[in-house]
Amino acid sequence: MIDNNLMLVLAGDPYGQLHSLNPYTKERLETYGELTKQCPVKLISCCSNDNIYFASANKIMNYAGEQLTELELKAGASIVGLSVDSDDRLLYSYSDGTICDFKDVRGDNSEESLLYELPKNDGWLKGWQSQYKLQEYCMVGKSLPPVIVDLEREVVSWSAKNVPNDELELKVPIFDIDGLFYNEGNNLAVLHKDRKLRLYDIKKGQRRPIVDKEFNEEKINFTTFAETTCNNYFLLGNAQGSVFLSDRRKDLKVCGKLKGANGAIKSLAVLPNEYVLTASLDSYVRYSSLSNSDCITYLTTSW
């Protein structure tokens, strides 16, 4: 995973450690966490240079003041969402549909608090807080449609309705793997594992997608996506290492492609200058330009 909020790259490895990298000198600055063989780093969030959270499997680590602490969480489900809001409150979600927070991480009374429980089917794959409306939390997964929870009112404020049955009148399987809020939080984009991107108008309460785009020309499934800072494009990373530029103004038509990775794209981040950071399974983080589709530099995460 990568995070560019600090003007450095945070890259998690398959062994439970987190590395901070300088994208300009290609130097490794710090390494956090203990080596394990079965807990790859999945999610990263940070408040500042000296307050970083990262999750692997069902545990969350906090690095602050050169001290590494494991938070005491409930056992069982995997963590699928992790974020820190403006009040330094840690917000996260589990694959069983539980949304929790952790206040006062370094204090004497720090503990996990339950905020909301969605239907428990252990099929939730991704959860994230809206960057526009902090009380809104969205979760997507398999078998159940995308939902948005209002954490202040403790209710589901919106839920998607599955697309109509196929030509054989069979229910279309639900298997959403990623999503994001856009257009100042009025719209939701959801990525389906079978090369589909669906856009919802949540401001108007529409439960079915206003755009349901299937990328038939691509044979490799998508793994993650992001929005460009100019708000006109989505970047779609696939399991073969390519990143496609999809134009929202032209019915999500593919209008560009970034190449270079030799493994599945696991994470994407778009910088304010329209440069792109991609982390892939070939153990490299690449720094690329959207203007000419070139990879400017790359950083290894193999240690």
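For the structure given in this document, a descriptive report is provided here. Just so you know, these numbers come straight off a predicted model, no measurement behind them.

## Focus: the pairing of strand S1 (residues 9-12)
Side-chain alternation along S1 places Val9 and Ala11 on one buried face and Leu10 and Gly12 on a second face that is also buried. Taken together, the 4 bridges between S1 and strand S2 (residues 18-21) define a ladder with antiparallel strand orientation. Each residue of the ladder has a partner; that of Ala11, found in S2, is His19.

## Topic: the pattern of salt bridges
All told, the structure shown has 7 salt bridges when counted by the stated rule. In this structure, the salt-bridge partner of Lys193 is Asp194, at a minimum N-O distance of 2.9 Å. Accessibility expressed as a relative area gives 27% for Lys193, which makes it partly exposed. A salt bridge links Arg286 to Asp282; the nearest nitrogen and oxygen atoms lie 3.0 Å apart. Of the two residues examined, Arg286 and Asp282, each falls in the buried class.

## Focus on the sheet that holds strand S20 (residues 222-227)
One open sheet holds the 4 strands; their spatial order is S20-S21-S22-S23, and the pairing between them is antiparallel. Strands at the two margins of the open sheet, each flanked by one partner only, are S20 and strand S23 (253-258). If you compare each strand with its neighbour and ignore which way they point, the axes differ by 25° on average. With 5 bridges joining them, S20 and strand S21 (residues 233-238) adopt antiparallel strand pairing. Each bridged residue has a counterpart across the sheet, and for Phe222 the counterpart in S21 is Asn238.

## What to know about the sheet that holds S1
Note on sheets: strands pair through backbone hydrogen bonds, and any given pair is parallel or antiparallel. The 3 strands are arranged S1-S2-S3 in an open sheet whose pairing can be described as antiparallel. Among the strands making up the open sheet, the edge pair consists of S1 and strand S3 (28-32). The average angle at which neighbouring strand axes cross in this sheet is 20°, direction not considered.

## Side note on the packing of aromatic side chains
Counted by the stated rule, this structure contains 7 aromatic pairs. Centre to centre, the rings of Phe215 and Phe222 are 5.4 Å apart; their planes meet at 90°, and the pair counts as edge-to-face. Considered together, Phe215 and Phe222 belong to a single accessibility category, that of buried residues. Aromatic side chains Phe225 and Phe234 sit 5.8 Å apart centroid to centroid with 55° between the ring planes, which places their arrangement in the tilted category. On the accessibility criterion, Phe225 (5% relative accessible area) is buried. Cluster of aromatic residues (ring-pair linked, three or more members): Tyr182, Phe225 and Phe234. When the ring centre of Phe175 is taken as origin, the NZ or CZ atom of Lys193, which lies over that ring, is 5.4 Å away.

## Details of unusual backbone geometry
A positive phi angle, close to 55°, is found at Asn183, a residue other than glycine. Looking at the element boundaries, Asn183 is found in the loop between strand S16 (176-182) and strand S17 (187-192). In the Ramachandran plot, Leu252 falls in the positive-phi region, its phi being about 65° despite a non-glycine side chain. With respect to the helices and strands, Leu252 occurs in the loop between strand S22 (243-247) and S23.

## Focus on the side chain of Glu136
Topologically, Glu136 is positioned in strand S13 (residues 136-141). Here Glu136 occupies a buried position and makes no salt bridge, while the nearest side chain of opposite charge, Lys133, is found at 4.5 Å. Non-local contacts of Glu136, meaning those with residues more than four positions away in its chain, are made with Trp128, Gln129, Ser130, Ile148, Val149 and Phe181.

## Thoughts on the pairing of S2
Burial along S2 is two-sided: Leu18 and Ser20 and His19 and Leu21, pointing in opposite directions, are all buried. Two successive antiparallel strands, S1 and S2, enclose a turn made up of 5 residues, where Gly16 displays a positive phi of approximately 85°. In this sheet, S3 lies alongside S2 in antiparallel orientation, the contact comprising 4 bridges. Looking across to S3, one finds that Ser20 is bridged to Glu30.

Cut-offs and rules
- Residues numbered from 1 in each chain as written.
- Predicted model: local features only at pLDDT ≥ 70, side-chain atom pairs only at ≥ 80, totals over all residues.
- Heavy atoms only, no water.
- Buried < 20%, exposed > 50% of the residue type's maximum accessible area, 1.4 Å probe, protein only.
- Helix = DSSP H or I, 4+ residues; strand = E, 2+ residues; numbered from the N terminus.
- Pairing = 2+ DSSP bridges.
- Salt bridge = Lys/Arg side-chain N within 4 Å of Asp/Glu carboxyl O.
- Axes fitted to C-alpha atoms, helices over the stretch in contact; angles between N-to-C directions.
- Phe/Tyr/Trp six-rings, centres within 6.5 Å; stacked < 30°, edge-to-face > 60°.
- Lys NZ or Arg CZ within 6 Å of the ring centre and 35° of its normal.
- Lys, Arg positive; Asp, Glu negative; His and termini not counted.
- Contact = heavy atoms within 4.5 Å.

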